[in-house]
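Listed here are the chains, written in short residue letters.
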Amino acid sequence: MEAKKLNVKEKYRLLTRDLDWEFSYEDRKEAFPYEEFEGIKITDWSKWEDPFRLTMDAYWKYQAEKEKKLYAIYDAFAQNNGHLNVSDARYVNALKIFLTAISPAEYAAHNGFAFTGRQLGGIGARIAAQMQSIDELRHIQTQIHAMSHYNKHFEGFDEFSHMHDRVWYLSVPKSFFDDARSSGPFEYIVAISFAFEYVLTNLLFVPFMSGAAYNGDMATVTFGFSAQSDEARHMTLGLEIIKFLLEQHEDNVPIVQKWIDKWLWRGYRLLSVVAMMMDYMLPQKFMSWKEAWELYFEDAGGALFRDLERYGIKMPACAELIAKEKDHLSHQTWWTFYTFGHAAAFHTWTPSAEEMDWLSEKYPDSFDKWYRPRFEMAAELAEKGERFYSEGLPQLCQTCQIPMFYTECGDDRPDDTCYRSTHYQGERFHFCSDHCKDIFEDEPEKYVHAWLPVHQIFQGNCGGADLADVMKYYKLNDGAVNADYMGSSDEQRWKALKGIA
Ligand code: FE
Ligand code: ZN
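What you see is a predicted model, and the numbers here were worked out from it, not measured in a lab. (Residues numbered from 1 in each chain as written. Chains lettered and ligands numbered in written order. Predicted model: local features only at pLDDT ≥ 70, side-chain atom pairs only at ≥ 80, totals over all residues. Heavy atoms only, no water.)

S.K.: What exactly am I supposed to notice about the environment of K174 here?
M.R.: Structurally, K174 is set in helix α7 (residues 171-181). With a relative accessible area of 25%, K174 lands in the partly exposed category. Put simply, K174 and M131 are 43 residues apart on the chain and 22 Å apart in space, counted from C-alpha to C-alpha. Not counting the four nearest positions on each side in its chain, K174 is found in contact with H164 and D165. Among the polar contacts listed, one links the side chain of K174 to the side chain of D165, at a separation of 3.4 Å. (Helix = DSSP H or I, 4+ residues; strand = E, 2+ residues; numbered from the N terminus. Buried < 20%, exposed > 50% of the residue type's maximum accessible area, 1.4 Å probe, protein only. Contact = heavy atoms within 4.5 Å. Polar contact = N/O pair within 3.5 Å; in protein donor to acceptor, adjacent residues only side chain to side chain.)

Printed below as a string of structure tokens:
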């Protein structure tokens, strides 16, 4: 008898539902030890709707096809010296941030989804998480391969992995993922799949990919497109998990709401670096941070949260503050990196006169009043050979680990730095905002032992007391990777390549 050929739906049913089994002689709770401690109640895993139906053989086939196309373009890019087509070598600094801050986060996501793909009790959710785990591994690999070409021509790429675990500003993305994957499986998937991927991902990937397209970087555009179809699956998983948890039990609603509030805020804090990249680092700009926030969060996210109201979920309270910060975020972030640019693995610079005009136009209520004067002053000093760097080390927020440079925007006092603090077991802890303070107070034990880079430097755990010692510990080539773009080896090499006198 001829074997019956299965259709995709049938195959998928067999892959998921049929691979699961009942526990007859082992305790199911021991098989899934993390399923209950977060307080989430699952009454019936069979109610899980698979957000996409993809069998393993179809998955490998699609992914292999994508890889083949992607690597053909990488080869062509390398052979044709594609780096020569970027708008300006200043652009490459955005890629340094991507490789050192975002790519290792892909790896952390891979790890987190492997954990979730083991620990969720429902087979459909487990399969989806396992596939995403493999996707994330692919993402970091394709990103490293895309950047390897730039590594041949520019500084600041080669020690990305070593840097990620040590460099002060990289503790922000690192701690974001470490804090997410050291929670339980449900919190992890709500944090990453929903708050980060479903709600915020457009604010991360669109800026980098459109930025790449506007600035002639075909290698980055191509890996962006290649990751996009994976990303579509990840986003549907994010929405499905939320609906599933909310429909399973009403007791899940406040827990899920708390996680959304927390991870939307943490995700937004992480995006500060994207805001500055868009407004200050792209030689060819395509959209301001403020416009992107309005389009992707206020419009799209607003509709989403109106949709979720029927489950009892509300728009996170932090959205109000974020709306006020959108006029200030990129300027304050770039200024901080500009003044600490001697200790970073990418170059900084003052915006040109035309760029400042663009910023005035995009930020009519804030740029000229608060930020133009200081950038003009910095440019003037640099012109005189007195490029300004901050000599101290900034205090860091105990929760998000970002230097305390945010201001009292919520209170309409954008010139006053925002400080919050609290006591826990006889010690005082510091925060950048009410939201970071609330997150700490809800779960202090999770954050008291945070590895804060500045504290570690002061405690002598980062190679020594001088900047030169710390740079060595970071494996940053002092004088090559850091400081102003003006006069850097990147700039000299670029001018030589392009034949600019
Ligand atoms: Fe990814
Ligand atoms: Zn904070």
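From this point, the narrative continues.
S.K.: What is the right way to look at the nonpolar core in this model?
M.R.: As a rule of thumb, nonpolar side chains are buried together in soluble globular proteins. Formed by 155 residues in total, the largest nonpolar core has its most connected members in Y169 and W289. If near-sequence neighbours (up to four positions away) are discounted, Y169 is found in contact with M163, F337, A343, A344, A345 and F346. (Core = buried A, V, L, I, M, F, W, Y, C linked by side-chain atoms within 4.5 Å.)

S.K.: Honestly, the pairing of strand β3 (residues 420-424) in this entry has me stumped. Any pointers?
M.R.: On a regular strand, each side chain points to the face opposite its neighbour's, so the side chains alternate between the two faces of the sheet. Examined bridge by bridge, β3 and strand β4 (residues 427-431) share five bridges and lie antiparallel to one another. Residue pairing for β4: S421 is matched across the bridge by H430. With antiparallel pairing between neighbouring strands as the criterion, β3 and β4 make up a hairpin whose turn holds two residues, including Q425 at a positive phi of roughly 50°. (Pairing = 2+ DSSP bridges.)

S.K.: When you look at the coordination of the zinc ion (ligand 2) in this model, what are you seeing that I'm missing?
M.R.: The protein atoms that coordinate the zinc ion (ligand 2) are C397 (SG), C400 (SG), C432 (SG) and C436 (SG), at distances spanning 2.3 Å. We note that the donor set of the zinc ion (ligand 2) lies within a single chain, spaced as C-x2-C-x31-C-x3-C. As far as the burial class goes, C432 and C436 line up, both buried. (Donors = N, O, S within 2.8 Å, 3.2 Å for Na, K, Ca; no water.)

S.K.: I keep staring at the coordination of the iron ion (ligand 1) and nothing clicks. Help me out?
M.R.: Tetrahedral coordination by four donors puts the ideal angle at the metal at 109.5 degrees, and octahedral coordination by six puts it at 90 or 180 degrees. The protein atoms that coordinate the iron ion (ligand 1) are E106 (OE), E136 (OE) and H139 (ND1), at distances of 2.0 to 2.2 Å. The sequence pattern describing where the donors of the iron ion (ligand 1) fall on their chain is E-x29-E-x2-H. Linking E106 in helix α4 (residues 92-119) with E136 in helix α5 (residues 123-151), this pair joins segments that are 30 residues apart in sequence. We classify E106 as buried; its relative accessible area is 7%.

S.K.: Explain the packing of aromatic side chains to me, please; I cannot follow it from the model alone.
M.R.: The geometry of an aromatic ring pair is captured by the separation of the ring centres together with the interplanar angle, meaning the angle of the planes. Counting across every chain of the model gives 45 aromatic pairs. Seen in terms of ring centroids, W45 and F186 are 6.3 Å apart; in terms of plane orientation they differ by 20°. Their pairing is stacked. Of the two residues, W45 sits in the loop between α2 (28-31) and α3 (56-79) while F186 sits in helix α8 (residues 185-200), which places them 141 residues apart along the sequence. Taken individually, W45 and F186 each receive the classification buried, so the pair is uniform in this respect. Positioned above the aromatic ring of Y406, the side-chain terminus of R269 is 3.4 Å from the ring centre. Taking the ring centre of W358 as reference, the NZ or CZ of K285 above it sits at 5.6 Å. (Phe/Tyr/Trp six-rings, centres within 6.5 Å; stacked < 30°, edge-to-face > 60°. Lys NZ or Arg CZ within 6 Å of the ring centre and 35° of its normal.)

S.K.: How should I be thinking about the pairing of strand β2 (residues 413-417) in this particular structure?
M.R.: Across two bridges, the pairing between strand β1 (residues 407-408) and β2 is antiparallel. Residue pairing for β2: E408 is matched across the bridge by R413. With antiparallel pairing between neighbouring strands as the criterion, β1 and β2 make up a hairpin whose turn holds four residues, including D412 at a positive phi of roughly 55°.

S.K.: Mind showing me how you'd approach helix α14 (residues 318-325) here?
M.R.: Each turn of an α-helix holds 3.6 residues, which means side chains three or four residues apart point in the same direction. Among the residues of α14, those classed as buried are C318, A319, L321, I322 and E325. The arc enclosing the buried residues of α14, seen along the axis, measures out at 160°, which places them on a common side. On its buried face, α14 sits against α11 (252-270), α13 (289-308), α15 (329-339) and α18 (434-442). (Arc of directions from axis to C-beta.)

S.K.: Even after reading the chapter, I still don't get the environment of L245, so can you show me in this structure?
M.R.: By secondary structure assignment, the location of L245 is in helix α10 (residues 218-248). By relative accessible area, L245 is classed as buried at 0%. If near-sequence neighbours (up to four positions away) are discounted, L245 is found in contact with I40, I42, F186, V190, N252 and V256.

S.K.: What exactly am I supposed to notice about the packing of α7 against α8 here?
M.R.: For any two helices packed against each other, the geometry is given by the interaxial angle and the distance between the axes. Relative to each other, α7 and α8 sit at 130°, their axes nearing to 7 Å. With respect to α8, the axis of α7 lies oblique. Of the residues in α8, those in contact with F176, F177, A180 and R181 of α7 are Y188, A191, I192 and F196. Here the contact of α7 with α8 is composed, by residue class, of seven nonpolar, no polar and one charged. (Axes fitted to C-alpha atoms, helices over the stretch in contact; angles between N-to-C directions. Parallel < 35°, antiparallel > 145°, perpendicular 65-115°, else oblique. Nonpolar A, V, L, I, M, F, W, Y, C, P; charged D, E, K, R; others polar.)

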